[in-house]
Amino acid sequence: MERVGSVLVVGGGVGGIQASLDLADSGFKVYLIDHRPSIGGGMAQLDKTFPTCDCSLCIESPKLVEASRHPNIDVLGYTELISVEGEAGNFIAKINKKSRYVDVDICNGCGACTAKCPVKGIPSEFDEGIGERRAIYIPFSQAVPNKATIDVEHCLVFTIGRNCKGCRKACTLDAIKLDMEDEEVDLRVGAVLFATGAVPYDPSDLTQYSPEHPDVLTAMQFERLMCANGPTGGHIKRLSDGEDPKRIAFIQCVGSRTPKKDIEYCSAVCCNYATKEAIITKEHSRDVDISIFYMDYRACGKGFEEFYKRGKEEYGINYIRSRASEVYQSNGNLVVKYEDLDEAQIKEEEFDMVILSVGLSQPKRTQDLLRKIGVNLNEFGMVETVMNHPVETNVPGIFVCGTAQGPKDIPETVAQSSGAAGKIGSLLSDARNTLTVKKELPPEKDVTGEEPRIGVFVCHCGINIGGVVDVPAVVEYVKTLPNVVYAADQPYTCSDDGNKQIFDKIHEFDLNRVVVAACTPRTHEPLFQATCAEAGLNPFLFEFANIREHCSWIHMDEKELATQKAKEVVRMSVAKARLLEPLERGEIPVNQKALVIGGGISGMSAALDLAAGGFPVCLVERSGELGGLLKHVTALPRGKDPRDILNETIKKVEENDLINVYLNSEVTSVSGSVGNFTAKILSHGKEDEIDFGVAILATGGDEFKPDGYYGYDGKRVITQLELEKIIDEIEANTIVMIQCVGSREEEPPRTYCSKICCTEAVKNAIRIKERNPKTEVFILYKDVRTYGINELLYRDARDKGVIFIRYTDEQKPVVNEYVEVYDEFIGQEIKIKPDLVVLSTPMVPNEDNDAVGKMFKVPLAPSNFFLEAHVKLRPVDFATDGVYLCGLAHGPKPIDECIAQASAAAGRASIPLSAGKVIAEAIVASVDEEKCVGCGVCEDKCAYLAVSIEDGKATVNRAMCKGCGTCVTACPTGAMEQLHFKNDQILAQVKHAFAW
Amino acid sequence: MEEEWIPKITLFCCNWCSYAGSDDAGVGRKQQPPTTRTIRVMCSGRTDPAFVLAALLEGSDAVLFTGCHIGDCHYISGNYKAKKKFEMLKEVVDELGLEDERLQLQWISASEGSEFAAYINKVTEEIEAIGPSPLRQEWMK
């Protein structure tokens, strides 16, 4: 059957965007749709992200722009999916492009219309209702597409038929089309990916928390309040009276972990976002008191436990283990009534503001659509998947990623997205590159030795620039500058017309340099560079002058000085342009083979996915058999026997002709870089050499052996994995399990929470109870961290009579003949006589990680798990190109997350593999060997190990250089240069900065 | 001529954070005095001491180093290196007999448009208070 080489991605949050980029980069045409006017999803609304407190939009926005510019991604905002018909490989998806009443091909997002709209005070969806927008609006300044949308529910033309012309008059491009209609389109696609996301739980029916009070906000509203681009410009204040709050309460588990049927699950992210919001608030103002009312603090993720600790110790946040039952008003303030679980007392405390840490829920609209298409949902409306296929729905060819499949954080979402993209890539691998476009460019004009002939295009940007800066005067001034052979003003340089003019003038005036004076290069430089390239001019002969963001918009009342500044800013750019040189974006061929280190479930899954995409794989396993740690697990929390999954996977690996398995083997050395690596493999005393283009590190982990903890002897005191082995044979009246043994410790390496041990203990407790309900099972815990839908297991265990007793670090249990533990809740020492004690110990990293890391030049975290390129957005990449990681090598996680990461790593690795080449960075360091004395300062400064001294001279590996220029600055002889930012080019700007 | 003097401030911005923060100030229409001229570099680690000295000798009344907050550097650690250079230059500027305000370092993230504008306003006031660079006056003689 013919497979179609295009994919529909539904939902433009970070997950949908990541999947689209991965798919488009691996040879597929992508339609990315979102029912909202802009892509970006919930992440665009966040102020910061945990646990690094990175600015959320700063890290997401480049992805938005990248998606919008990608020649093989159609970003369709304000578009809904209606139906999907067909079969895997060949679907017809019907979509509805809702009318914005603005022609998106004409609108340039200048925002002039918005300013003239008379309908004010509409609650902004982007600001979660605490900010306002007009009836014609762009949701946020970095929106993609950056186009206006008319909200017909509020626009006077549509509501009362008034002939209001506010926006139409303001729009000098005539982009507003009130007679526009919705447009239904049929898309032929090979696969559909649902990245539809979840939404914050709406607490309006939880009246006990006074959700209608202006100083009771949801956590998402509070994000908007904290955010610099939010309604208060990032000023945290009470919406009731504008006062700065001095006491803020966070109430956890609002709309999660409640007996109400549809919100029984844990939302998995709220504990950590509450700590993040509390920390940021403290950074705004140290004298705010913050209390977080929580039941169990669930820091289940890489670096989260350490983050929680920082919140407590460095920022002095009060964590109160409690159940908050009510928030009521008293004397203009808010009182939180709660049951203190440590002291077993009902208490009340007054606050200035209360934040409801609401959970994630599934939007009804999406659920209905998914059901209509035949996708199975669970009782909470999440897409149902099975343990070993975490991104595949029950409908072949329809995939899922992110929070539509269950609550999860950003990195897990991104991993699933890359995983889904990888799976789709394998499904449609025959159709790769069948529907993608590649721009054909004319041959490049040789400008060597030519006197610069500079063309300057100065943009009015409607009135955005022209309303402040005297643009014609700037043009006249520019004409007087040396080497400028053409200068003109344009209404909108970025429009098709504007670009056509640049194209024409390059030919007409034989221009060999182009300067555009308009907005910011960060968004528009690639556009004009592409125009230059289309006209046969090397794109690096283009230079930008920012006279909008950096001039007209910030000097609105100083027209003369703004004009003077604009002249000088253009002059600086002309000065640099004069010295610009053409650059090559070199291509590096990629050896289309992969190396996977580690034969556990993660490594095998990655190898299978790569092989399914048609790429040969060497799978290297240190031990004598495949299977890894999962061999020792005898049951999964839900359903299937893991041994069936494992055996099935091993069989597939062994039968796959493209996978070459090396058992009892290890990698002893690695050389090369992305596209062309060589490794030596020591196998049965023999050394083999293999060549490959990419590598996946799936080195796995092990269970921590708790020697010295609680009298561990492997007989009466055992670990959870040891229990797995004997669980179907044990005869015991009483079993005690102790959590956090050897994890969450004070000092590295095991300061982390191992994420899976609570679920593991609860699962095994249920198994014991199911086998013999009379067996008493006690679980001694610090926090029960059964995150996500594992929460249901916790409930089930309690229903089955498993007894949970909390202990603290100050009073740890004592294990002798008896187990003694102090139960705070009843205020008594409890003495249990167990037949068996089971210690829940953490996953620890493979001891080879250090050696493997050194060979591939990739870093380890303090825990000795590998450190990924970016904790949020690049969870399976390393900063070193061509090397990826997955599974326990990255950190402790359950099987489904390991498998999702394995697919993600395989998917990411497939990008260079399928392209067969990688594009090298053009703006890199280069060495003048005449001047280089081989001192090696540059080598020391390079954070990417791209510079080395060879034969007494510095050498730059273009494949590894990221072009920061730090080495150039360090070079004492001037031998190092950063292309496109050369010393003389920057000095020219310095010299022309001010006209005297 | 003297009455018309307004500070001339050369501003080095890194592509990923402070330049974007400056853009954000523009998008938010955060008004600032027209005293700065921005030079974009990919990383604050590229801000060469030679550029800074050239700017001062060319008559800038102040030079500002800006970049990503420590820990946020797009290139892992370029801003640490910028900070080191800045500290070294501080001594040079001191030797030249220039006031402290004439060489400054500020970390600005891509979303800190308001902070960016506030900072430019503050620096401008500081330079207005101390007047034109003596180096510039020296040069003009």
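The structure under discussion appears in the preceding block.
Undergrad: Before we go on, may I ask you to explain the overall build of chain A in this structure?
TA: Within chain A, the regular secondary structure consists of 25 helices and 51 strands. For chain A, whose C-alpha radius of gyration is 30 Å, the value lies close to the compact-globule estimate of 30 Å for 996 residues. Its C-alpha atoms give chain A principal-axis dimensions of about 95 × 80 × 60 Å. Counting the 996 residues in chain A, one finds 62% classified as buried.

Undergrad: Mind showing me how you'd approach the overall build of chain B here?
TA: Assigned secondary structure in chain B consists of five helices and four strands. Traced from its N-terminal end to its C-terminal end, chain B shows the element sequence β-α-β-α-β-α-β-α-α. For a compact globule of 141 residues, the expected C-alpha radius of gyration is about 14 Å, and chain B comes in at 15 Å, within 12% of that figure. A principal-axis box enclosing the C-alpha atoms of chain B has dimensions of 45 × 35 × 20 Å. The buried share among the 141 residues of chain B stands at 60%. Mean positive and mean negative side-chain charge positions of chain B (15 and 22 charges, respectively) differ by 6 Å.

Undergrad: Got a minute to help me understand the packing of aromatic side chains in this structure?
TA: Two aromatic rings are characterised by how far apart their centres lie and by the angle between their planes. Residues and elements named next belong to chain A. Applying the stated criterion across every chain yields a total of 27 aromatic pairs over all chains. For the pair F50 and F304, a centre-to-centre distance of 5.1 Å together with 85 degrees between the ring planes defines the contact as edge-to-face. Highlighted residues: F50 in the loop between strand 3 (48–49) and strand 4 (54–55) and F304 in helix 8 (residues 304–313), separated in sequence by 254 residues. By relative accessible area, F50 is classed as buried at 7%. Pairwise contacts between aromatic rings join Y294, Y297, Y308 and Y319 into one cluster. When the ring centre of F981 is taken as reference, the NZ or CZ atom of K576 above it lies at 4.0 Å.

Undergrad: I keep staring at the pattern of salt bridges and nothing clicks. Help me out?
TA: A side chain with one charge may pair with a side chain of the opposite charge, provided their charged atoms come close. In the structure shown here, the tally under the stated rule is 68 salt bridges over all chains. With a closest N to O distance of 3.5 Å, E824 of chain A and R806 of chain A form a salt bridge. On the criterion of sequence distance, the pair formed by E824 of chain A in the loop between strand 42 (819–823) and strand 43 (828–832) and R806 of chain A in strand 40 (residues 803–806) is long-range, its members being 18 residues apart. For E126 of chain B, the salt bridge identified is with K122 of chain B, shortest N-O distance 3.3 Å. One end of the pair is E126 of chain B and the other is K122 of chain B, both in helix 4 (residues 113–130) and four residues apart, which spans about a single turn. A relative accessible area of 39% means that K122 of chain B is categorised as partly exposed. The network of salt bridges with shared partners includes D22, R874, D877 and R908 of chain A.

Undergrad: Help me understand the sheet that holds strand 3 (residues 62–67) of chain B, please; the structure alone is not making it clear to me.
TA: Strands belonging to one sheet form pairs held by backbone hydrogen bonds; the direction of such a pair is parallel or antiparallel. Residue and element names in this part refer to chain B. If you trace the four strands from one edge of the open sheet to the other, you get 2-1-3-4, paired in parallel fashion. Of all strands in the sheet, those bounded by a partner on one side alone are strand 2 (36–41) and strand 4 (103–107). Averaged over neighbouring strand pairs, the angle between their axes works out to 20 degrees when direction is ignored. The pairing of strand 3 with strand 4 spans five bridges and is parallel.

Undergrad: So what exactly am I meant to see when it comes to the sheet that holds strand 19 (residues 333–340) of chain A here?
TA: Residue and element names in this part refer to chain A. Taken in spatial order, the seven strands line up as 15-21-16-17-18-19-20 in an open sheet, and their pairing is mixed. At either margin of the open sheet sits one strand with a lone partner, and together these are strand 15 (216–218) and strand 20 (345–351). Neighbouring strand axes in the sheet, compared pairwise and without regard to direction, differ in orientation by 35 degrees on average. As judged from the seven bridges shared by strand 19 and strand 20, these two strands associate in the antiparallel manner. If you follow V336 over to strand 20, its bridge partner there is E349. Helix-sheet contacts for helix 6 (residues 219–226) involve strand 15, strand 16 (247–254) and strand 21 (353–358), and the interaxial angle to strand 15 is about 95 degrees.

Undergrad: Explain the interface of chain A and chain B here, please?
TA: Many analyses report the size of an interface as the accessible area lost when the parts associate. Contact residues are listed per partner, giving 50 residues for chain A and 54 residues for chain B. The contact between chain A and chain B buries some 4400 Å² in all, and 61% of this surface belongs to carbon and sulfur atoms. Across the chain A-chain B interface, the total number found is two salt bridges. Elements represented by at least two residues in the side of chain A that touches chain B include exactly strand 4, helix 13 (521–534), helix 14 (548–552), helix 15 (559–578), helix 24 (966–970), strand 51 (976–978) and helix 25 (983–991) of chain A. Split by residue class, the side of chain A that touches chain B holds 22 nonpolar, 15 polar and 13 charged.

Undergrad: Would you explain empty space enclosed by the protein in this entry?
TA: Take a probe with the size of a water molecule and roll it over the atoms, and the empty space left behind shows itself. Under the definition given, this model contains 13 cavities of 30 Å³ or more. Empty space within the largest cavity amounts to approximately 220 Å³. If you trace the largest cavity, you find 19 residues lining it, with F544, N546 and Q989 of chain A together with Y19 and T38 of chain B closest to the centre. Taken together, the elements giving at least two residues each to the lining of the largest cavity come down to strand 27 (542–546) and helix 15 of chain A together with strand 2 of chain B.

Undergrad: Before we go on, may I ask you to explain unusual backbone geometry in this structure?
TA: Most of the time, phi is negative for any residue but glycine, and the peptide bond is trans. Residues and elements named next belong to chain A. Between F50 and P51 the backbone carries a cis peptide bond, its omega angle lying at 0 degrees. Structurally, P51 can be placed in the loop between strand 3 and strand 4. Following P748, the chain continues to P749 via a peptide bond in cis, the omega torsion being 5 degrees. Structurally, the position occupied by P749 is in the loop between strand 38 (734–738) and helix 19 (757–771). Although it is not a glycine, E128 sits at a positive phi angle of roughly 55 degrees.

Undergrad: What is the right way to look at helix 8 of chain A in this model?
TA: Owing to its 3.6 residues per turn, the α-helix brings residues three or four apart onto one side. Taken together, the buried positions of helix 8 of chain A are occupied by F304, E305, F307, Y308 and G311 of chain A. Down the axis, helix 8 of chain A shows its buried residues gathered within 160 degrees of arc, on one side only.

Undergrad: I would appreciate a short explanation of the state of the cysteines in the present structure.
TA: Linking two cysteines covalently through their sulfur atoms gives a disulfide. Residues and elements named next belong to chain A. Counted by the stated rule, this structure contains zero disulfides over all chains. The thiol of C271 is unpaired, and the distance to the nearest cysteine sulfur, on C253, comes to 6.1 Å. Residue classification places C271 among the buried residues on the basis of a relative accessible area of 10%. Just so you know, C758 is unpaired, no disulfide at all, and the nearest cysteine sulfur is the one on C740, 5.9 Å from it.

Undergrad: Help me out: how do you make sense of the nonpolar core in this one?
TA: One recurring pattern in soluble globular proteins: nonpolar side chains tend to sit buried together. All names here are of chain A. Residues F222, F250, I251, I292, F293, V336 and V354 are the most contacted members of the largest nonpolar core, which totals 53 residues. For this core, the element with the highest residue contribution is helix 7 (residues 270–284), accounting for seven residues. Once residues within four sequence positions are removed from consideration, I251 is found in contact with Y209, F293, A324, V327, V336, V354, I355, L356 and S357.

Undergrad: So what exactly am I meant to see when it comes to the pairing of strand 18 (residues 318–330) of chain A here?
TA: One face of the sheet, then the other: side chains in a regular strand alternate in exactly this way. All names here are of chain A. For strand 17 (residues 289–294) and strand 18, the ladder comprises four bridges, and the chain directions are parallel. Counted as the bridge partner of S291 is N318 from strand 18. In terms of strand pairing, strand 18 meets strand 19 through eight bridges, oriented antiparallel. Pairing of S330 across the sheet is with N333, part of strand 19. Taking the residues between adjacent antiparallel strands as the criterion, strand 18 and strand 19 are bridged by two residues, where N331 takes a positive phi near 50 degrees.

Undergrad: What is the right way to read the environment of L780 of chain A from this model?
TA: Residue and element names in this part refer to chain A. As for its position among the elements, L780 is in strand 39 (residues 776–781). Judged by its relative accessible area of 0%, L780 is buried. Not counting residues up to four positions away in its chain, the partners in contact with L780 are V736, M737, I738, Q739, I805, Y807, P813, V819 and V821.

Undergrad: Help me out: how do you make sense of the side chain of N333 of chain A in this one?
TA: All names here are of chain A. Following the sequence through the fold, N333 ends up in strand 19. By relative accessible area, which is 13% here, N333 ends up buried. Separated by 3.0 Å, the side chains of N333 and R238 make a polar contact.

Definitions and limits used
Residues numbered from 1 in each chain as written. Chains lettered and ligands numbered in written order. Predicted model: local features only at pLDDT ≥ 70, side-chain atom pairs only at ≥ 80, totals over all residues. Heavy atoms only, no water. Helix = DSSP H or I, 4+ residues; strand = E, 2+ residues; numbered from the N terminus. Rg over C-alpha atoms; globule rule 2.2 N^0.38 Å. Buried < 20%, exposed > 50% of the residue type's maximum accessible area, 1.4 Å probe, protein only. Lys, Arg positive; Asp, Glu negative; His and termini not counted. Charge placed at Lys NZ, Arg CZ, Asp CG, Glu CD. Phe/Tyr/Trp six-rings, centres within 6.5 Å; stacked < 30°, edge-to-face > 60°. Lys NZ or Arg CZ within 6 Å of the ring centre and 35° of its normal. Salt bridge = Lys/Arg side-chain N within 4 Å of Asp/Glu carboxyl O. Pairing = 2+ DSSP bridges. Axes fitted to C-alpha atoms, helices over the stretch in contact; angles between N-to-C directions. Contact = heavy atoms within 4.5 Å. Buried area = accessible area lost by both parts, 1.4 Å probe. Nonpolar A, V, L, I, M, F, W, Y, C, P; charged D, E, K, R; others polar. 1 Å grid on protein atoms, 1.4 Å probe; cavity = no way out; pocket = protein on both sides within 12 Å on 5 of 7 lines; lining within 4 Å. Points joined across faces, edges and corners; volume = space filled by probe spheres on them. Arc of directions from axis to C-beta. Disulfide = S-S within 2.5 Å. Core = buried A, V, L, I, M, F, W, Y, C linked by side-chain atoms within 4.5 Å. Polar contact = N/O pair within 3.5 Å; in protein donor to acceptor, adjacent residues only side chain to side chain.

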